[in-house]
Amino acid sequence: MTTEAIGAMVKGQIRYIIHDPKISKVRKMLTIEQFQNEKLKRIQSTEIVIMI
């Protein structure tokens, strides 16, 4: 597998995560809820760091 193919695959995954309606709704809900739930805040922060 070439680096270009890997890059295209990663870009496709990111586009899917950003534009999928269900995933987008869950992401928005988690972003709002993290300000009211300390445990969720820690999980959300950890997952974002892992994804980056």
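Rules and cut-offs
Residues numbered from 1 in each chain as written. Predicted model: local features only at pLDDT ≥ 70, side-chain atom pairs only at ≥ 80, totals over all residues. Heavy atoms only, no water. Helix = DSSP H or I, 4+ residues; strand = E, 2+ residues; numbered from the N terminus. Buried < 20%, exposed > 50% of the residue type's maximum accessible area, 1.4 Å probe, protein only. Areas by Shrake-Rupley, 256 points an atom, 1.4 Å probe, with all protein chains shown as cover. Patch = residues over 30% accessible without salt bridge, like charges linked within 9 Å, V, L, I, M, F, W, Y side chains within 5 Å. Salt bridge = Lys/Arg side-chain N within 4 Å of Asp/Glu carboxyl O. Expected span 1.5 Å × (residues − 1). Polar contact = N/O pair within 3.5 Å; in protein donor to acceptor, adjacent residues only side chain to side chain. Lys, Arg positive; Asp, Glu negative; His and termini not counted. Charge placed at Lys NZ, Arg CZ, Asp CG, Glu CD.

## What about the overall build of the protein chain?
1) Next: Check the secondary structure of the protein chain and you find 3 helices and 0 strands.
2) Next: For the protein chain, the α and β elements follow one another from N to C terminus as α-α-α.
3) Next: Within the protein chain, buried positions represent 10% of all 52 residues.
4) Next: About 4,800 Å² of surface is accessible on the protein chain, with carbon and sulfur atoms providing 66% of the total.

## A short note on a nonpolar patch on the surface
1) Next: On the surface, a nonpolar cluster with roughly 590 Å² of combined accessible area is contributed by Met 1, Ile 6, Met 9, Val 10, Ile 14 and Ile 18.
2) Next: With respect to the helices, strands and loops of the structure, Met 9 is situated in helix α1 (residues 3–19).

## Observations regarding helix α2 (residues 21–33)
1) Next: Counted at 1.5 Å a residue, the expected span for α2 with its 13 residues is 18 Å, and the 18 Å between its end C-alpha atoms agrees.
2) Next: Between the side-chain oxygen of the N-cap and the backbone nitrogen of Lys 22 there are 3.3 Å, and the N-cap of α2 in question is Asp 20.

## Quick look at the side chain of Asp 20
1) Next: Turning to its location among the elements, Asp 20 is positioned in the loop between α1 and α2.
2) Next: An unpaired buried charge is present at Asp 20: no salt bridge exists, and Lys 22, the closest side chain of opposite charge, is 7.0 Å distant.
3) Next: At 3.3 Å, the side chain of Asp 20 forms a polar contact with the backbone nitrogen of Lys 22.

## Structural notes on a positive patch on the surface
1) Next: Together, Lys 22, Lys 25, Arg 27 and Lys 28 line one region of the surface with positive charge.
2) Next: For Arg 27, the location among the structural elements is in helix α2.

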